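Commentary on secondary and tertiary structure
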Amino acid sequence: MGLLDTILSALGLRKQAPDISNAAPPAAAAAVADDDDDDDDDDDDDDEGRDYALEAKDDRASFDFDNDIDRYFGAQFLIEQKWDDEDERAELFGEYGIRNSQHWYQVKATFERWSQSPAARAKYPTAGDLVQAQMNATQSVAMASMNIGNQQEALAEDLAPVEGVTLEQWAKVQAKIAGGGEAEPLIAELGVDRAKWDRVSAEWNARMSRDTSLTITMEYSKHFQSAGAGQFAGAAASAAAGEATSEADAPITLERYCEIEMAQAAGSEQGKDAAAILQSFGMSPMEWGQVGGWWSMYISQNAMRNDAELHKRYTALRDQFEAKYKAASADDDISF
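Residues numbered from 1 in each chain as written. Predicted model: local features only at pLDDT ≥ 70, side-chain atom pairs only at ≥ 80, totals over all residues. Heavy atoms only, no water.

The subject of this paragraph is the overall build of the chain. What the chain contains, in helices and strands, is 18 helices and zero strands. Classification of the 336 residues of the chain by burial places 41% in the buried group. Contacts spanning at least 24 positions in sequence make up 74% of the contacts within the chain whose residues lie at least 6 apart. With an accessible surface of roughly 17500 Å², the chain has 48% of that area assigned to carbon and sulfur atoms. (Helix = DSSP H or I, 4+ residues; strand = E, 2+ residues; numbered from the N terminus. Buried < 20%, exposed > 50% of the residue type's maximum accessible area, 1.4 Å probe, protein only. Contact = heavy atoms within 4.5 Å. Areas by Shrake-Rupley, 256 points an atom, 1.4 Å probe, with all protein chains shown as cover.)

Shown next, in the form of structure tokens:
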């Protein structure tokens, strides 16, 4: 099981499909592969076992590995999710031009051979680059299949303004308050009093709590992060727009991010105040949220690229600072 499959299994997002690893075929099957260059319809009709002779021949079905690898990875994820449901699996097979299970194994074997080709290596120089592409594509499909953040039309009523206050207005005022702004003047700018603001806040919180698709929460987060408050507002806006693409644009260095992350973890175990720890690093909780949003997105989209260079560096830095901050006992004062 690969890294991505391990992650998906841990999250309960992956159902186990039959073993479709590209093991060497038995001698008898190999002999058939040598003697038979034509597709055998009888083999296609047998949907129980593996047809190694078929798998030895390239067939991409409807997939274009060179120009749209995301579609293949998305199909792989969905088919494995629905593998035990024959009707849903058959529907997916039809959507992607797959005749049956044996044909699917053939397509997977074709992809494995393609992944070792010069064309694939030109786009994905290391195995980590290919794994990262799979992770990014699968994450998008998984979120879409669970309707995460994708129910604006269905939730039109719950996304409507509350007593004239839109979700965007509410989120941006909340961000400014979290950044140290005075609540009363900010609320007054919206033309509402404290009593109305409290009702509005209660209703928006209630709507978010009952929205299992997280659509409202994600919309709120987008507006909160882009409110333009705090020293890292630009980074927050980039993350909200999905534009955390270059480490050179990071709000703080990865080393600094890992140090604060592990200082907070150690401080939490010792009962120290999280806000006070952040303050010792010159940062407010809102600003830490902005920084964390940027780095979380960047790491998730780049961790395995270039032979997992970022993942290795991130892990090493976390280990370094975990050791530093755990060196002091719970009775000692740690200088953050």
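This brings us to the nonpolar core. Counting residues in each nonpolar core, the largest one holds 26 residues, and the members touching the most others are Ile252, Leu254, Tyr257, Val291, Trp295 and Ile299. Of all elements in the fold, only helix H15 (254-269), helix H16 (274-280), helix H17 (285-302) and helix H18 (305-326) reach the threshold of two or more residues within this core. Considering each element in turn, this core owes the most residues, seven residues, to H15. Leave out the neighbours within four places in its chain, and Trp295 touches Glu247, Ala250, Pro251, Ile252, Thr253, Leu254 and Tyr257. The next biggest cluster of nonpolar side chains, apart from the first, holds 22 residues, and it includes Ile69, Trp83, Ile98 and Tyr105. (Core = buried A, V, L, I, M, F, W, Y, C linked by side-chain atoms within 4.5 Å.)

It is worth spelling out the packing of helix H5 (residues 69-81) against helix H7 (residues 101-114) at this point. Closest axis-to-axis distance for the H5/H7 pair is 12 Å, and the angle between their directions is 140°. It follows that H5 is oblique to H7 by the angle criterion. In this structure, H5 crosses over H7, and the sense of that crossing is left-handed. For the pair formed by H5 and H7, the contact residues are Ile69, Tyr72, Phe73, Gln76, Ile79 and Glu80 on the first element and Trp104, Val107, Lys108, Phe111 and Trp114 on the second. A breakdown of the residues in the contact of H5 with H7 according to their chemical character gives eight nonpolar, one polar and two charged. (Axes fitted to C-alpha atoms, helices over the stretch in contact; angles between N-to-C directions. Parallel < 35°, antiparallel > 145°, perpendicular 65-115°, else oblique. Left-handed = near helix turned anticlockwise from the far one by under 90°. Nonpolar A, V, L, I, M, F, W, Y, C, P; charged D, E, K, R; others polar.)

This brings us to the pattern of salt bridges. According to the stated counting rule, one finds 20 salt bridges in the structure shown. A salt bridge links Arg194 to Glu184; the nearest nitrogen and oxygen atoms lie 3.0 Å apart. Placement of Arg194 in helix H12 (residues 194-210) and of Glu184 in helix H11 (residues 183-189) is noted, with a sequence separation of ten residues between them. Exposure remark for Arg194: the relative accessible area of 34% places this residue in the partly exposed category. A salt bridge links Asp307 to Lys312; the shortest N-O distance between them is 3.6 Å. Residue classification places Asp307 among the partly exposed positions, given a relative accessible area of 45%. Look at the salt bridges and you will find they share partners, linking Asp158, Glu203, Arg207 and Arg210 into a network. (Salt bridge = Lys/Arg side-chain N within 4 Å of Asp/Glu carboxyl O.)

What follows deals with the side chain of Glu259. Here Glu259 shows up in helix H15. Exposure remark for Glu259: the relative accessible area of 11% places this residue in the buried category. At 2.6 Å, the side chain of Glu259 forms a polar contact with the side chain of Tyr325. (Polar contact = N/O pair within 3.5 Å; in protein donor to acceptor, adjacent residues only side chain to side chain.)

Under the counting rule described, the total for this entry stands at 20 aromatic pairs. For the pair Phe73 and Phe111, a centre-to-centre distance of 5.5 Å together with 75° between the ring planes defines the contact as edge-to-face. Pair noted here: Phe73 is in helix H5 and Phe111 is in helix H7, with a separation of 38 residues, a long-range link. Residue Phe73 shares its accessibility class with Phe111, and that shared class is buried. One aromatic cluster is present, built from ring pairs that chain together Phe63, Phe65, Tyr72, Phe73, Tyr96, Trp104, Phe111 and Trp114. (Phe/Tyr/Trp six-rings, centres within 6.5 Å; stacked < 30°, edge-to-face > 60°.)

All right, on to the environment of Gln132 then. Of note, Gln132 is situated in helix H9 (residues 127-145). It is 5.1 Å that separates the C-alpha atoms of Gln132 and Met304, two residues lying 172 residues apart in sequence. Apart from the residues within four sequence positions on either side, Gln132 is in contact with Ser300, Gln301, Asn302, Ala303, Met304 and Arg305. At 2.9 Å, the side chain of Gln132 and the side chain of Asn136 are in polar contact. Polar side-chain contacts of Gln132 include one of 3.2 Å to the backbone oxygen of Gln301.

Quick look at the confidence of the model for the chain now. Averaged over every residue, the pLDDT of the chain is 81; the share at 70 or more is 75%. For the chain, per-element mean pLDDT is lowest for helix H2 (residues 27-35), which scores 37, and highest for H7, which scores 97. Between residues 1-46, whose pLDDT stays under 50, and residues either more than four places distant or in other chains, the model counts 61 contacts. (pLDDT = per-residue confidence, 0-100.)

A negative phi holds for most residues other than glycine; trans holds for most peptide bonds. Positive phi is not limited to glycine here, since Asp307 has a value of about 60°. Mapped onto the fold, Asp307 is located in helix H18. Of note in the backbone geometry, Ala308 takes a positive phi value of approximately 60° without being a glycine. Of note, Ala308 is situated in helix H18. Accessibility expressed as a relative area gives 9% for Ala308, which makes it buried.

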